[in-house]
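# Tertiary structure, described
Listed below are the residues making up each chain.
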Amino acid sequence: MSEEKRQLPLWQESLLLVATALVLALIVKTFFFQAFYIPSDSMVPTMVKNDKLLVQKWSYWSGGPERGDIVVFRDPGNWLGPDVDESSNAVQRGLELVGLFPSGGHLIKRVIGTGGDRVICCDAEGRTTVNGEPIDEPYLADQSVNADQTFDVKVPKGYLWVQGDNRGNSADSRAHLGEPGGGFIADEDVVGKAWLRVWPLNRFGTIEGTDAFDEVP
């Protein structure tokens, strides 16, 4: 008779299961989606402070972000400042590392211009123009404040121009025009595209796209 297959001790089986789960979680975070939370009111009304969301990565496997996308990206150069709300303990930081806890230390904005675009604020009606086409932006918290800060920029290849939907309360590309980098963010700094709001439950649902940029040449 063949020998009975030897089983691992319970503690070894438990460690193996935990290690397998962490590896799978890390793969999911790297290639598919990742959890984040909204740290400010810069994207009101589309997203509000403390919303928890999943960011998907497959949209950018074969190309970069497009105009109108809401993207999460790594801080391109001290945009967040010194008062970043970091996780308070090692357990949370460890869970962030494998994508099992919503991450901080990132920013979320809407893509207004991609590489090669000329973005100007504003036309006579206070609208941003992209390549000469005025953009009607129904997602803005207050259209009237859009023209409070004027600019005229040409987005370099491989970079993005991003702004918050709450234009009166968003330290976005406009706020960093005079700094190194000129307010642009590199395509490679984008983590992914906002996909699903998971918390609070009364706001659960997919994050819709926009057709506001469809007429841009």
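Residues numbered from 1 in each chain as written. Predicted model: local features only at pLDDT ≥ 70, side-chain atom pairs only at ≥ 80, totals over all residues. Heavy atoms only, no water.

To be explicit about the condition: UniProt positions are given in the numbering used here, feature names are shortened, and annotations may be inferred rather than shown by experiment.
The name given to the protein in an unreviewed UniProt entry is Signal peptidase I, and the organism recorded there is Aeromicrobium choanae. Taken from UniProt, the Catalytic activity (unreviewed entry) comment for the protein reads in full: "Cleavage of hydrophobic, N-terminal signal or leader sequences from secreted and periplasmic proteins."

## Regarding the UniProt feature "active site" (unreviewed entry) in the protein
This is how it is decided: Secondary structure follows DSSP: runs of H or I at least 4 residues long count as helices, runs of E at least 2 residues long count as strands, and numbering of each begins at the N terminus. Type-normalised accessible area, obtained with a 1.4 Å probe on protein chains alone, sets the label of each residue: buried when under 20%, exposed when over 50%, and partly exposed for intermediate values. Note on definitions: a residue-residue contact is assigned when non-hydrogen atoms from the two residues lie within 4.5 Å. Polar contacts, as counted here, are pairs of nitrogen or oxygen atoms within 3.5 Å of one another; within protein the pair requires one atom able to donate a hydrogen and one able to accept it, and residues that are adjacent in sequence qualify only if both atoms are side-chain atoms.
Within this numbering scheme, the UniProt entry marks S42 and K109 as carrying the feature "active site" (unreviewed entry). These annotated residues cover 68 residues of sequence, and their C-alpha atoms lie no more than 8.0 Å from one another, placing them together at a single site. With respect to the helices and strands, the residue S42 is situated in the loop between β1 (33-37) and β2 (52-56). S42 gets classed as buried once you look at its relative accessible area, which sits at 4%. With near-sequence residues (within four places) excluded, S42 lies in contact with I108, K109, G164, D165, N166, N169 and S170. In this structure the side chain of S42 is engaged in a polar contact, spanning 3.3 Å, whose partner is the side chain of S40. Relative to the elements of secondary structure, K109 occurs in strand β4 (residues 106-113). The contacts of K109, once residues within four sequence positions are left out, are S42, M43, D69, I70, V71, F73, V162, Q163, G164, S170, A171 and D172.

## As for the packing of aromatic side chains
Test applied: Paired rings are identified among Phe, Tyr and Trp, the last through its six-membered ring, by centres lying within 6.5 Å, and are further divided according to the angle between planes into stacked (under 30 degrees), edge-to-face (over 60) and tilted (the rest). Distance and angle both matter: a charge sits over a ring if NZ of Lys or CZ of Arg is within 6 Å of the ring centre and within 35 degrees of the ring normal.
Following the criterion strictly, the structure yields 4 aromatic pairs and no others. Within the aromatic cluster, the residues linked to one another by ring pairs are F151, W161 and F184. Positioned over the ring face of Y139 is R110, at 3.6 Å from the centre of the ring.

## Brief notes about the confidence of the model for the protein
Going by this rule: Per-residue confidence from the predictor is given as pLDDT, running between 0 and 100.
On average, residues of the protein score 84 in pLDDT, and 76% of them reach the 70 mark or higher. Mean pLDDT in the protein bottoms out at helix α2 (residues 90-97), which sits at 52, and peaks at strand β9 (residues 159-163), which reaches 98.

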